[in-house]
Amino acid sequence: MCSNELTEFSIIGAGAVATHMSVALQAAGMHPLGVYSRTLESAQALGQKLGCPATDRLSDLPGAGMLLLAIKDDALPDVIGRLNATQRESVVVHTAGGVPIDVFRGKAKRFGVIYPLQTFSRQRQVDFSAVPCFIEASDRATLGLIRGVAERLTHTVSELDSAHRAVVHVAGVFANNFANRCFAIAQELLATCGLPPELLLPIIDETAKKVHTMPARQAQTGPALRNDRLVMEKHEQLLTERPDWLEIYRTVSRSIHHDTLS
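Presented here is an overview of the structure given in this document. (Residues numbered from 1 in each chain as written. Predicted model: local features only at pLDDT ≥ 70, side-chain atom pairs only at ≥ 80, totals over all residues. Heavy atoms only, no water.)

1. Some details on the pairing of strand 5 (residues 91-94)
- Where burial is concerned, the two faces of strand 5 agree: the one with Val91 and Val93 and the one with Val92 and His94 are both buried.
- Summarising the sheet, strand 4 (residues 66-69) and strand 5 pair through 4 bridges and their orientation is parallel. Following the sheet pairing, leucine 67 is matched in strand 5 by valine 92.
- Two strands pair when backbone bridges link them, and strand 5 and strand 6 (residues 110-116) are joined in this way by 4 bridges, in the parallel orientation. Looking across to strand 6, one finds that histidine 94 is bridged to valine 113. (Buried < 20%, exposed > 50% of the residue type's maximum accessible area, 1.4 Å probe, protein only. Helix = DSSP H or I, 4+ residues; strand = E, 2+ residues; numbered from the N terminus. Pairing = 2+ DSSP bridges.)

2. As for the packing of helix 1 (residues 16-27) against helix 2 (residues 40-50)
- The interhelical angle for the contact between helix 1 and helix 2, taken along N-to-C directions, is 20°, at an axis separation of 10 Å. Classified by the angle their axes make, helix 1 and helix 2 are roughly parallel. Seen along the crossing, helix 1 lies across helix 2 with a hand that is right-handed. Contacts between helix 1 and helix 2 involve Ala18, Thr19, Ser22, Val23 and Gln26 from the first element and Leu46, Lys49 and Leu50 from the second.
- In the contact of helix 1 with helix 2, the residues fall into 4 nonpolar, 3 polar and 1 charged. (Axes fitted to C-alpha atoms, helices over the stretch in contact; angles between N-to-C directions. Parallel < 35°, antiparallel > 145°, perpendicular 65-115°, else oblique. Left-handed = near helix turned anticlockwise from the far one by under 90°. Contact = heavy atoms within 4.5 Å. Nonpolar A, V, L, I, M, F, W, Y, C, P; charged D, E, K, R; others polar.)

Written as structure tokens, this is what we have:
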């Protein structure tokens with residue numbers, strides 16, 4: 001391995017992020033040495049995809065130029081604390097948006113973050129070259145190594161500290177997780193009328209297309225923007241049997257209306 005390039009990696013985790021990222025790294029020319037997951041079946045499924053050994057024993061995971069941790073945020077401290085001496089010699093990297101780089105302090109020599117701003121599902125293919133990645137590292141030399149890895153994956157790589165990365169993560173939750181939850185509620189509402197969810201696709205697609213060409217605030221429409229109380233009260237009556245949905249409706253409507261007053 002060249003001193004200024006990482007060419008091998010082992011991966012901790014076998015979920016959607018771990019799968020998409022490790023497959024993309026392999027396609028970009030990096031060599032996978034091993035996969036660890038708490039569940040051997042999951043590790044073997046990803047190991048088979050990558051053509052490398054799999055294990056459910058963390059101590060058996062081979063060290064590599066880069067050790068990539070793509071696991072649940074709250075599992076990171078425990079897993080990092082259980083790395084063996086060989087694994088700690090790797091450049092140890094996590095993929096979390098909301099976990100600060102300090103989680104590695106005192107537990108690894110060279111460490112950092114590659115955070116891909118994207119939603120990953122196992123059944124969906126993702127073009128990693130279009131995914132923004134945010135990087136951070138323990139020192140400038142390690143940052144250079146991590147940047148080299150990230151630039152194998154995507155054209156958009158930005159250095160960002162932990163505090164600002166946490167803000168990006170929250171923004172991603174609003175743009176993806178919360179929006180998707182609203183899509184799910186909308187589909188369930190149509191189902192009460194016996195209507196297929198596909199009817200929502202044109203309005204969902206147009207909403208997404210708008211923000212490619214105009215600010216989201218400018219693209220806002222609907223009764224809350226107009227403060228059309230008669231319409232909103234009728235909507236609220238329809239939602240009375242689902243108080244959680246009603247709370248979302250009222251909270252978001254209030255936010256939209258208040259934004260028009262600012």
